[in-house]
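Here is how the chains run, residue by residue.
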Amino acid sequence: DAGITQSPRHKVTETGTPVTLRCHQTENHRYMYWYRQDPGHGLRLIHYSYGVKDTDKGEVSDGYSVSRSKTEDFLLTLESATSSQTSVYFCAISESKYEQYFGPGTRLTVT
Amino acid sequence: GEDVEQSLFLSVREGDSSVINCTYTDSSSTYLYWYKQEPGAGLQLLTYIFSNMDMKQDQRLTVLLNKKDKHLSLRIADTQTGDSAIYFCAVFSGGYQKVTFGTGTKLQVIP
């Protein structure tokens, strides 16, 4: 298995609070991604990174920001969590077009 | 942008063949993938096919690509209870390694 960890694995937070999710890789892959998974929507790309300090928006980026100060870490921040951001969040990494390796996911509940 | 569609649910009997279908909209799609997600886990790449291929076989898995109809299918021969999972179709159309995922098809295998 690719060396990808996500933390925390589960989190419950209140509306309006900031939340940061962490993705850590040991594979030295160039590309990193944050997705959210919701029933009926599959996986939707939130943000991605193509190098240290190089990031761009995906299709559902509103309300989210990211940072990548080191190759191995990609942080996803919800500045002020809302109930619509209750979801399962997956980090993925890749070095080629042929495969993305996924982390185990973080289940976030915003009450 | 790219749109990838799948039916949400498929039920088959153990030992039968399963066929999971996917349609996409971007005719310039170059790489097409099938991922498997088991309960509580991230996605794992099963197989992929290049757009210049019509078919790819890998043990019990057969991928068929109809470029004219923009239709991709995954056939699982001799389906086992361990094949019960959600299967995602995904398409790469260029850009910074960005992949669009379908909604996922939940495969239920009845013993």
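Coordinates for the structure precede this section.
Since we're looking at a predicted model, the values are computed, not measured.

Undergrad: Could you give me a rundown of the packing of aromatic side chains, with the residues and numbers involved?
TA: Counting across every chain of the model gives 13 aromatic pairs over all chains. Between Phe102(A) and Phe101(B), the aromatic rings sit 5.8 Å apart at their centres with planes inclined by 80°, giving edge-to-face as the arrangement. Pair noted here: Phe102(A) is in strand E10 (residues 101–102) and Phe101(B) is in strand E10 (residues 99–101), and the two residues belong to different chains. The buried category is assigned to Phe102(A), whose relative accessible area is 11%. Here the aromatic cluster, defined as three or more aromatic residues joined through ring pairs, consists of Tyr33(A), Tyr35(A), Phe102(A), Tyr31(B), Tyr33(B), Tyr35(B), Tyr48(B), Phe50(B), Phe92(B) and Phe101(B).

Undergrad: Can you tell me about the interface of chain A and chain B, naming the residues and giving the values?
TA: Contact with chain A, which involves 22 residues of that partner, is made by 20 residues of chain B. Regarding the contact of chain A and chain B, the summed buried area is about 1900 Å², with carbon and sulfur atoms giving 59% of it. Put simply, chain A and chain B have zero salt bridges between them. At the surface where chain A touches chain B, the tally comes to two residue pairs in polar contact (both at pLDDT 80 or more). Looking at the side of chain A that touches chain B, the elements that each hand over two or more residues are strand E4 (31–38), strand E5 (42–51) and strand E9 (87–94) of chain A. With five residues, the top contributor of residues to the side of chain A that touches chain B is E5(A).

Undergrad: Could you give an account of the pattern of salt bridges, naming the residues involved and the relevant values?
TA: Residues and elements named next belong to chain A. Tallied over the full model, the rule gives eight salt bridges over all chains. Notably, a salt bridge pairs Asp-38 with Arg-44, separated by 3.0 Å at the nearest N-O pair. By relative accessible area, Asp-38 is classed as buried at 11%. The network of salt bridges with common partners includes Arg-22, Lys-70 and Asp-73.

Criteria and thresholds
Residues numbered from 1 in each chain as written. Chains lettered and ligands numbered in written order. Predicted model: local features only at pLDDT ≥ 70, side-chain atom pairs only at ≥ 80, totals over all residues. Heavy atoms only, no water. Phe/Tyr/Trp six-rings, centres within 6.5 Å; stacked < 30°, edge-to-face > 60°. Helix = DSSP H or I, 4+ residues; strand = E, 2+ residues; numbered from the N terminus. Buried < 20%, exposed > 50% of the residue type's maximum accessible area, 1.4 Å probe, protein only. Contact = heavy atoms within 4.5 Å. Buried area = accessible area lost by both parts, 1.4 Å probe. Salt bridge = Lys/Arg side-chain N within 4 Å of Asp/Glu carboxyl O. Polar contact = N/O pair within 3.5 Å; in protein donor to acceptor, adjacent residues only side chain to side chain.

Read these as spatial facts, not as claims about activity.
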